[in-house]
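Breakdown of the fold
Next come the chains, spelled out residue by residue.
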Amino acid sequence: MGVIVDTFRGAFALLVGLDANLLEIVALSLQVSLSAVAIATALALPLGAAIAVSKFRGRQTVIVILNALMGLPPVVVGLVVYLMLSRAGPLGDLGLLFTPSAMVIAQTILILPIIAALARQAVEDAWREYQEQLRSLGAGGWTAALTLVWDIRFSLLTAVLAGLGRAAAEVGAVMIVGGNIDGVTRVMTTTIALETSKGDLPLALGLGVILVTLVLLLNAGAYTLKEAAQRRYG
Amino acid sequence: MDLRRRALLAAVALAAAAAATPAAAQQKFITVASTTSTEQSGLFKHLLPLFEKQTGITVRVVSVGTGQALDMGRRGDADVVFVHDPAAEKKFVDEGSGVNYKQVMYNDFVLIGPKSDPAKIAGGKDILAALKKVEGAKAPFVSRADKSGTHAAELRYWKSAGIDIATQKGPWYKETGSGMGPALNTASSMGGYILADRGTWLSFKNRGDLAILVEGDQKLFNQYGIMLVNPAKHAHVKQDLGNAFIDWVVSPAGQKAIAEYKIGGEQLFFPNYKSG
Amino acid sequence: MGEEPMRAPTSLLPLRLEEVSFVAAGKTIIDRVSLALENGPRTIILGPNGAGKSVLMRLCHGLLAPTSGRIEWAARERPGERRRQAMVFQRPVMLRRSAIANVVYALKLAGVPRAERQAQARRALESVGLAHLAGGSARVLSGGEQQRLALARAWALRPEVLFLDEPTASLDPSAAAEVERIILAIRDAGTKIVMSTHNLGQARRLGDEILFLNQGRVVERAPVDRFFDQPAAAEAAAFIKGELPWT
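Residues numbered from 1 in each chain as written. Chains lettered and ligands numbered in written order. Predicted model: local features only at pLDDT ≥ 70, side-chain atom pairs only at ≥ 80, totals over all residues.

Re the overall build of chain A
Rules: Starting at the N terminus, helices and strands are each numbered in turn, a helix being any DSSP run of H or I of at least four residues and a strand any DSSP run of E of at least two. Partly exposed residues are those falling between the two cut-offs: more than 12 but fewer than 20 other C-beta atoms within 10 Å of their own, whereas 20 or more means buried and 12 or fewer means exposed, with C-beta atoms placed from the backbone. This entry defines residue contacts through backbone-placed C-beta atoms, with two residues in contact when those atoms are within 7 Å.
A count of helical and extended segments in chain A gives ten helices and zero strands. When the helices and strands of chain A are placed in sequence order, the string is α-α-α-α-α-α-α-α-α-α. In terms of overall dimensions, chain A has a C-alpha envelope of 65 × 50 × 25 Å along the principal axes. A buried classification covers 50% of the 234 residues belonging to chain A. For chain A, the share of sequence-separated contacts (at least 6 apart) that also reach a separation of at least 24 residues comes to 78%.

Dropping the structure here:
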């Protein structure tokens, strides 16, 4: 019980004190995860939509694999990206290891299947409703896919939020490719891991509370947006 | 639709650009692979600002176990390696992976355990005798088992105590495969014995029922070494900046800074660089 | 609106079906149908539920491919060119945008230059009496309004052939009457109408010729008056009297 009270008191104190170090860590967390979400969404939505509206051999297999990739373990993604970006690896000359860019890359890879798989499902459901009309008007392939994506954009927000949630929450990938370097690649999740390993559990929990609150706020904002749009467009 | 797609691509490009660290190109910095004991004891937080103030060079520390730090050096993912396992360090230098190798400071290990002390070793000054008692009592013992300097030292002590831990371990011997902090968390929650470096212990906040039971044995002395990753093997290594760091650490100013670092009035690291 | 449909050098019509069959999940839905649809008469495809009217319409429009047999238009529609046929479904499908934007979308697909799209869309909405709802969301319109919007969208394309699959089946009588008026106007502007229905009164009101479909076969084809006064086939007579079992 005492730990829990200490935790919330500590979290509150951190926030009120607007600890400069904490702000830096929060800002970096948002920068990395939001960047990853932006890039992954730009790639995943067209991919998911394309699979949803196309017929091709092995389609079912592709869908199964895509769904399975939603469960990619972050630490495995981190390890693979580390091996790619390491100086001893194929992309070593880019010098990206232990930088926020490496973290963005790793998180993008991690969440791309999530957004794509969920988008595919949503677009496929919509395709069933719109297919005949769109084909009748002469929209096929890419045109139809992108029209659908735009039309169900607020439902797709859910897929994007799922990706954001995963990115903001994971520690395995960013720890390995970022190195948790103080002031450079230290984000909320890696800080929580570090403080836990130093035995400073109240501080770690406090940071956890802040992280969860941030994600909650982002979700609430998106939900409000979705509801408003639903009312307007039907 | 075309317009929207173009706008989307523009947003992607912007995001990618924003995510890249623009400062990295301009700032002078080196990447140092070091151990969790130096990071978590707070030594670097004390040392590095002093070095940066004097030279303008930022030091980016990646804290992993000794084994992983040396591996990072071999891969060329760091400029400087700063660890505490003289045998492994020698191998690293002999194989040509490291140059400009210097032994710079020591701290000591302590044997931590529950105050209830089932193996009855408290107050002892002989690490080998203490470990024999722990094994004899089959008391819970937490090992980091992660190829760190601390783990390497622990294995050396078992061997010197005449115990072949690989074959003689039982359910009482818990191998966590983790850093010092997480291992201490484990020991704290199960009331187990654990070998730790004094620095991490002093800054560890989740002690529970644990306390230092054995210390002061000469054998518990833990030597740290620093070296530059061989630029002949990895052309991109920042040798000037890296050597500047090494030179500073062994300089009177650096050695003094190491000695001045204290937790609760207690000095953790003892500079012992001897030139020549 | 009164604008003539776009006619390429060669007309799409006549449309010929030769021994067309459609089998799905082991059931034969269209059974060796052969017919030709000529330009001119308003063709009504009449029949009970389950006769295969919807499938036949979709085969003609190209949404389904026949299991066997041939479907051939007099002129070939090439992909990428504007469509010269359009279809209105029983339940209209609108995009989540304004009413006028839905029409503009169709015009864009048809390759109408950007500068002309708004004006043409507005004219289309005026001709179906929806100009006052142009800027509002399409999906919040009533069923009747959405169907009129679907007609405006199809008409804006100035198709040579307009397929309508039971367009008033989901509407109340006054909305249905509005829709029928619009269909007649489209026909008067020169578009060939092919419409399916199971409503006898509607068939009589709107049709020039009746294609009576039962269990996937064209059982009778006759001008509207002769069909209703002297149906040649027994099933047709039974249907008119209301005696055919609803499969």
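Points about the overall build of chain C
Applicable threshold: Only the C-alpha atoms count toward the radius of gyration. The rule for a globule is 2.2 Å times the residue count to the power 0.38.
Summing up its helical and strand segments, chain C has eight helices and nine strands in all. Relative to a compact globule of 247 residues, whose C-alpha radius of gyration would be 18 Å, chain C shows 18 Å and is just as compact. Each principal axis of the C-alpha distribution contributes one length, and for chain C these read about 55 × 40 × 35 Å. Expressed as a percentage of its 247 residues, the buried residues of chain C come to 43%. For chain C, the proportion of contacts with a sequence separation of at least 24, taken over those separated by at least 6, is 68%.

Comments concerning the nonpolar core
How we decide: Structurally, a nonpolar core is described as a collection of buried Ala, Val, Leu, Ile, Met, Phe, Trp, Tyr and Cys residues joined by way of C-beta atoms within 7 Å.
Core analysis: the biggest nonpolar cluster contains 182 residues, and Ala106, Ile115, Ala119, Val123 and Val177 of chain A together with Val80 of chain B have the highest contact counts within it. By residue number, the principal contributor to this core is helix α5 (residues 100–137) of chain A, which donates 21 residues.

Observations concerning the interface of chain C and chain A
Note the threshold: Here the nonpolar group is Ala, Val, Leu, Ile, Met, Phe, Trp, Tyr, Cys and Pro; Asp, Glu, Lys and Arg are the charged ones; every other residue, Gly included, is treated as polar.
On the side of chain A, 13 residues touch chain C, which itself brings 15 residues to the contact. Only β5 (85–88) and α2 (99–109) of chain C provide two or more residues apiece to the side of chain C that touches chain A. Counted by class, the side of chain C that touches chain A contains ten nonpolar, two polar and three charged residues.

Brief notes about the sheet that holds strand β3 (residues 43–46) of chain C
Residues and elements named next belong to chain C. Threshold: By this definition, two strands are paired if DSSP reports at least two bridges between them. Lines fitted to C-alpha atoms define the axes, with helix axes restricted to the stretch in contact, and inter-axis angles between N-to-C directions lie between 0 and 180 degrees.
One open sheet accounts for six strands, arranged β5-β6-β7-β3-β8-β9; its pairing is mixed. At either margin of the open sheet sits one strand with a lone partner, and together these are β5 and β9 (217–223). Along the sheet, successive strands turn relative to each other by an average axial angle of 15°, direction set aside. Note that strand β6 (residues 161–165) and strand β7 (residues 192–197) share five bridges and pair parallel. Its bridge partner lying in β7, Val161 is registered against Lys192. Sitting on the sheet, helix α1 (residues 53–61) is in contact with β3, β5, β6, β7 and β8 (209–214), with an inclination near 155° to β6.

Regarding the environment of Asn39 of chain C
All names here are of chain C. Locating Asn39 in the fold gives a position in the loop between β2 (27–37) and β3. Taking the C-beta count within 10 Å as the criterion, Asn39 has 15 such neighbours and is therefore assigned partly exposed. Asn39 sits 151 residues away from Gly190 along the chain, and the two C-alpha atoms are 9.4 Å apart. Setting aside chain neighbours within four positions, we find Asn39 in contact with Ser11, Leu13 and Lys192.

Some words on the arrangement of the chains
Between chains A and B lies the most contact-rich interface of the two pairs of chains that touch. Nothing in chain B touches chain C, and the closest approach of their C-alpha atoms is 10 Å.

Digging into helix α4 (residues 43–55) of chain B
Residues and elements named next belong to chain B. As a reminder, the rule being used: Expected span of a helix: the number of residues minus one, times 1.5 Å. Taking the helix axis as origin, the arc is that swept by the directions to the C-beta atoms.
In this model, α4 (13 residues) spans 18 Å end to end at C-alpha, consistent with the 18 Å of a helix rising 1.5 Å per residue. For α4, the full list of buried residues reads Leu43, Phe44, Leu47, Leu48 and Phe51. The buried residues of α4 occupy an angular sector of 95° when projected down its axis, which confines them to one face. Across from the buried face of α4, at angles greater than 90 degrees, the exposed residues are Lys45 and Lys53. Where α4 is buried, its residues meet α3 (36–40), β2 (58–64), α11 (198–202), α12 (239–250) and α13 (252–260). Once α4 finishes, Gly56 follows within two positions and takes phi at roughly 80°, a positive value.

Considerations on the sheet that holds strand β1 (residues 15–24) of chain C
Residues and elements named next belong to chain C. The antiparallel open sheet is built from three strands, whose spatial order is β2-β1-β4. The sheet is open, and its two edges are formed by β2 and β4 (68–72), each paired on a single side. When the angles between neighbouring strand axes are averaged without regard to direction, this sheet yields 20°. Direction of pairing for β1 relative to β2: antiparallel, over a ladder of seven bridges. In the strand pairing of β2, Phe22 is matched with Ile30. Packing of α1 onto the sheet brings it into contact with β1, β2 and β4, and relative to β2 it is tilted by some 55°.

Overview of α13 of chain B
Residue and element names in this part refer to chain B. Of the residues making up α13, those classed as buried are Gly254, Ala257 and Ile258. Projected onto a plane normal to the axis of α13, the buried residues spread over an arc of 100° and lie on a single side. Those residues of α13 that are exposed and aimed more than 90 degrees away from the buried face are Pro252 and Lys256. Those residues of α13 that are buried lie in contact with α4, β4 (98–114), α12 and β12 (270–271).

Overview of unusual backbone geometry
Along the chain, Leu13 of chain C connects to Pro14 of chain C via a cis peptide bond; the corresponding omega equals 5°. Take Pro14 of chain C: it is sitting in the segment before β1. In the Ramachandran plot, Asp117 of chain B falls in the positive-phi region, its phi being about 45° despite a non-glycine side chain. Relative to the assigned elements, Asp117 of chain B resides in the loop between β4 and α7 (127–137). Using a count of 17 C-beta atoms within 10 Å as the deciding quantity, one classes Asp117 of chain B as partly exposed.

A short note on the environment of Ala119 of chain C
Residues and elements named next belong to chain C. As for its placement among the helices and strands, Ala119 is situated in helix α3 (residues 114–127). A residue is classified by how many C-beta atoms lie within 10 Å of it, and Ala119, with 11 of them, is exposed. The sequence separation of Ala119 and Lys108 amounts to eleven residues, and the corresponding C-alpha distance is 13 Å.

Section: the packing of α2 of chain C against helix α4 (residues 143–156) of chain C
All names here are of chain C. The following threshold applies: The labels follow the angle: roughly parallel below 35 degrees, roughly antiparallel above 145, roughly perpendicular from 65 to 115, and oblique for the rest. In this scheme the crossing of two helices becomes right-handed for a clockwise turn of the near helix relative to the far one and left-handed for an anticlockwise turn of less than a right angle.
The N-to-C vectors of α2 and α4 enclose an angle of 30°; their axes lie 9 Å apart at closest approach. Considering the angle they form, α2 stands roughly parallel to α4. Along this stretch, α2 crosses α4, giving a crossing that reads as right-handed. Taken together, the residues of α4 that come into contact with α2 (itself represented by Ala99, Asn102, Val103, Ala106 and Leu107) are Leu149, Ala152, Arg153 and Ala156.

Focus on the packing of α4 of chain B against α12 of chain B
Residue and element names in this part refer to chain B. Two elements in contact, α4 and α12, have axes whose closest approach is 11 Å; the angle formed by their N-to-C orientations is 115°. Crossing hand, α4 versus α12: right-handed. Within the contact between the two elements, α4 uses Phe51, Gln54 and Thr55 and α12 uses Ala244, Phe245 and Trp248. Grouping the amino acids of the contact of α4 with α12 by side-chain chemistry returns four nonpolar, two polar and no charged.

Considering the confidence of the model for chain C
Spelled out, the test is: One number per residue, pLDDT, summarises how confident the predictor is, and it ranges from 0 to 100.
Per-residue confidence for chain C averages 90 on the pLDDT scale, and 94% of its residues sit at or above 70. The secondary structure element of chain C with the lowest average pLDDT is helix α8 (residues 234–240) of chain C, at 88, and the one with the highest is β6 of chain C, at 96.

Some remarks on the pairing of β7 of chain C
All names here are of chain C. The condition that has to hold: Seen with the strands pointing away from the viewer, any crossover whose path from the first strand over the helix to the second strand runs clockwise is right-handed.
Within β7, five of the six residues are buried, which leaves it mostly tucked inside the rest of the structure. Two elements, β3 and β7, share four bridges in a ladder whose sense is parallel. Residue Ile44 lies in a different strand from β7, and its bridge partner there is Met195. Each parallel crossover has a hand, and the one from β6 via helix α5 (residues 173–188) to β7 is right-handed.

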